[in-house]
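Now for the letters of each chain:
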Amino acid sequence: ASKERGNPKINMLIDREDLPKNDDCNDDEDSPQTPAFVQPLWLPDAFEKHYSRIAPHLSWGEGESVQIQQRLRKGNTDTGNIKVDLIKYELQYAKKIPSVKERFCAILALSLAASNDYCWMHDNECSDEVEKLVKGLATLFRNYLKEADAVLGIGLEDGSEVSDENGLTSSRALLYQFMKGIAKKFKDVCKFLWKPPPQKKKTQDQGMQPAHPLPGPLDQVLPNAPSLEDYIEEKMNTDDGDGGWVPRNKQGKQKSCNVIRTEITRFLSSGEMNQTSFLGEIGCNSNSYGRFMKLKGAWNGTQNGVYWGSARFFERKQLADAWEKKYNPATAKRKIESAAAEKKSSKLKLNDVASKTNTIDYTEGPIYDSCPEIRRKITAFLKSSGTTGTAFCRLVGVPSNSLTRFMKHKPVPGTINSAESMRSSQPGAAMNIYPSAYHFFERFRLAEGKTKTKKRVENEGILSVPSGICSKYGLSSQPGFVCKHDDGRRIVFKGRGW
């Protein structure tokens, strides 16, 4: 172990890659444990703690019942099935560890223990689950290895770390070499894509900022201030006495799944981060995200990884803002002023749009844009103008809660996406925001001097005159799309003979 009292470390000896290959040597023989042949990879002592628990648990079922241990000693297909379940349970436990440093060590220890046994990968009755499990481990490593060495706790902090021509520190290079060995053991199951993509340097104007950024060179951190990661870990680890972190509100009660779903929707709608980047931050895939967001009920979804990953993400984001406000007031003040200036600029831009659209000589007529097209235009306008949904509703003159309900509607399943089929079957077409938003975008188009889109011209040619579909469904013979809601579930009674 290292001499760092506040941050104890252990080392793992990794063979040097720069050694010349000797054809006469036996590959089964271990290299001499000298600096000429091996190098130490320094890891937090949490790695040894987790590995000493996980390895015997997977090998002979330490801590499990006698029946499980007997099934593990058989060495047959049933043994492989049991080990797959044990690895899944260990991975679920590791994901719930609040500390990023210890969570990374637990997943690294689990991957090493799992890769040391080849039998469970091939002798089982759930090959699809095994492949999904291994790919999930690779995805976690791709996300965690984007973090800095200090966040993961690798290497020593005595200034002995040097970087190579690729910008990798010596500890990071050794860790990558160690991961290559694990990837070789998993190669028969699937391609173990663990390596993170190269980071693209983005300025403040070119890309989004991380949810909990580390202090920059212009920031003035107060003396004797704890590091951001230490502050976050200390706050999150003091939540429960049993070591299990739980997301809580201001009243001290656990946050429900509905609260987390609302926070996710509000965060993604702000444009600070897109859905793909957000899922990468919380270590979940799009399938889990879709299932979690579709669930109903206050506590329906607590077993989903999106609940815990999102809760930790928002908690870390909130603690990062609190740390910055307390220990880096200059940067916090600068961010508040920047947000106020951006809000003022957005308001001025919205007022300019309102003045332009109100002065246009425009007569409201038939609607030639479908509901999906209007939703697309609303999304593009909110993103380009930087305004909120509430401000947009005030601009078009509809209640503020109507936008959310209108945007949730989806086309009728099984219908053809054409003007003829959508003319009388558009979910959300009866809402006031549909015609109001359409006429607003028409005035806005005329104010900017833009021509009609190709799709708009096609719809106008098809729907400019009454067609047989109006009489067929008993609708009014007005041109354009009909402002009548239809989700495809109504049964229309037309008298006898139907």
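Keep in mind the model is a prediction, meaning the values are calculated, not measured.

### Some details on the overall build of the chain
Then, in step 1: Across its full length, the chain holds 21 helices and two strands.
Then, in step 2: Look at the contacts in the chain between residues 6 or more apart in sequence, and 72% of them connect residues 24 or more apart.
Then, in step 3: Accessible surface, the chain: about 29600 Å² in total, of which carbon and sulfur atoms supply 51%.

### Looking at the confidence of the model for the chain
Then, in step 1: Taken as a whole, the chain shows an average pLDDT of 79; of its residues, 80% reach a score of 70 or greater.
Then, in step 2: Considering each helix and strand of the chain separately, the mean pLDDT is smallest for helix H21 (residues 468-472), with a value of 47, and largest for helix H1 (residues 46-60), with 92.
Then, in step 3: Predicted confidence is poor over residues 201-218, with pLDDT under 50, and the contacts of this stretch with residues over four places away or in other chains come to 21 contacts.
Then, in step 4: Note that pLDDT drops below 50 for residues 488-494; the model gives that stretch seven contacts with residues more than four away or on any other chain.

### Description of helix H16 (residues 389-396)
Then, in step 1: Those residues of H16 not exposed but buried are Ala-391, Phe-392, Cys-393 and Val-396.
Then, in step 2: Its buried side turned inward, H16 meets helix H14 (329-358), helix H15 (371-385), helix H17 (402-408) and helix H19 (433-448).
Then, in step 3: Backbone geometry just downstream of H16 places Gly-397 in the positive-phi region, at approximately 80 degrees.

### Quick word on the pattern of salt bridges
Pairing between side chains of opposite charge can happen when their charged atoms approach one another.
Then, in step 1: Scanning the model with the defined rule gives 18 salt bridges in all.
Then, in step 2: A salt bridge links Glu-102 to Lys-49, with the nearest nitrogen and oxygen atoms 2.8 Å apart. With a gap of 53 residues between them, Glu-102 in helix H4 (residues 100-115) and Lys-49 in helix H1 connect regions that are remote in the sequence.
Then, in step 3: On the basis of relative accessible area, Glu-102 is assigned to the partly exposed category, the value being 24%.
Then, in step 4: Taking the shortest distance from any N to any O, the salt bridge between Asp-149 and Arg-172 comes out at 2.8 Å. Linking Asp-149 in helix H7 (residues 149-152) with Arg-172 in helix H8 (residues 170-186), this pair joins segments that are 23 residues apart in sequence.
Then, in step 5: Overall, Arg-172 belongs to the buried group, its relative accessible area being 7%.
Then, in step 6: Residues participating in the shared-partner salt-bridge network are Glu-442, Arg-445, Lys-452, Arg-456 and Glu-460.

### Digging into the side chain of Lys-9
Then, in step 1: Tracing the backbone through its elements, the reader meets Lys-9 in strand S1 (residues 9-15).
Then, in step 2: Using a relative accessible area of 0% as the deciding quantity, one classes Lys-9 as buried.
Then, in step 3: Of note is the side chain of Lys-9, whose polar atom sits 3.2 Å from the backbone oxygen of Gly-153.
Then, in step 4: Here the side chain of Lys-9 touches Gly-155 through a polar contact of 2.3 Å, landing on its backbone oxygen.

### Digging into helix H20 (residues 454-463)
Then, in step 1: Residues Arg-456, Asn-459 and Leu-463 constitute the buried set of H20. With its buried residues spanning 65 degrees around the axis, H20 presents them on a single face. In H20, the exposed positions that point more than 90 degrees away from the buried face belong to Lys-454 and Gly-461.

### Points about the packing of aromatic side chains
Then, in step 1: Per the counting criterion, the structure on display carries 25 aromatic pairs.
Then, in step 2: Ring centres 6.0 Å apart and planes at 80 degrees place the aromatic pair Tyr-231 and Tyr-327 in the edge-to-face group. Pair noted here: Tyr-231 is in helix H9 (residues 228-237) and Tyr-327 is in helix H13 (residues 305-327), with a separation of 96 residues, a long-range link.
Then, in step 3: A relative accessible area of 16% places Tyr-327 in the buried class.
Then, in step 4: Considering the side-chain rings of Phe-381 and Phe-392, the 5.7 Å spacing of their centres and the 55 degrees angle between planes classify their relative orientation as tilted. Of this pair, Phe-381 sits in helix H15 while Phe-392 sits in helix H16, and the two are 11 residues apart along the sequence. Note on accessibility: Phe-381 and Phe-392 belong to one class, buried.
Then, in step 5: Among the aromatic residues, those joined into a ring-pair cluster are Phe-104, Phe-141, Tyr-144, Phe-186 and Phe-192.

### Focus on a positive patch on the surface
Then, in step 1: A cluster of basic residues, Lys-180, Lys-184, Lys-187 and Lys-195, forms a positive patch at the surface.
Then, in step 2: Looking at the element boundaries, Lys-195 is found in the loop between H8 and H9.

### Observations concerning the nonpolar core
Then, in step 1: Phe-47, Phe-104, Leu-108, Trp-120, Phe-141, Phe-178 and Phe-192 are the most contacted members of the largest nonpolar core, which totals 57 residues.
Then, in step 2: Aside from chain neighbours lying at most four places away, what touches Phe-104 is Phe-141, Tyr-144, Leu-145, Leu-152, Ile-154 and Leu-175.
Then, in step 3: Core analysis: the second largest hydrophobic core is formed by 27 residues, Ile-260, Met-273, Cys-284 and Phe-292 among them.

### A short note on the pairing of strand S2 (residues 38-44)
Then, in step 1: With respect to burial, S2 is a largely interior element, five of its seven residues being buried.
Then, in step 2: Strand direction decides the pairing type here: S1 and S2, joined by seven bridges, are antiparallel. Its bridge partner lying in S2, Leu-13 is registered against Pro-40.

Scoring rules and cut-offs
- Residues numbered from 1 in each chain as written.
- Predicted model: local features only at pLDDT ≥ 70, side-chain atom pairs only at ≥ 80, totals over all residues.
- Heavy atoms only, no water.
- Helix = DSSP H or I, 4+ residues; strand = E, 2+ residues; numbered from the N terminus.
- Contact = heavy atoms within 4.5 Å.
- Areas by Shrake-Rupley, 256 points an atom, 1.4 Å probe, with all protein chains shown as cover.
- pLDDT = per-residue confidence, 0-100.
- Buried < 20%, exposed > 50% of the residue type's maximum accessible area, 1.4 Å probe, protein only.
- Salt bridge = Lys/Arg side-chain N within 4 Å of Asp/Glu carboxyl O.
- Polar contact = N/O pair within 3.5 Å; in protein donor to acceptor, adjacent residues only side chain to side chain.
- Arc of directions from axis to C-beta.
- Phe/Tyr/Trp six-rings, centres within 6.5 Å; stacked < 30°, edge-to-face > 60°.
- Patch = residues over 30% accessible without salt bridge, like charges linked within 9 Å, V, L, I, M, F, W, Y side chains within 5 Å.
- Lys, Arg positive; Asp, Glu negative; His and termini not counted.
- Charge placed at Lys NZ, Arg CZ, Asp CG, Glu CD.
- Core = buried A, V, L, I, M, F, W, Y, C linked by side-chain atoms within 4.5 Å.
- Pairing = 2+ DSSP bridges.

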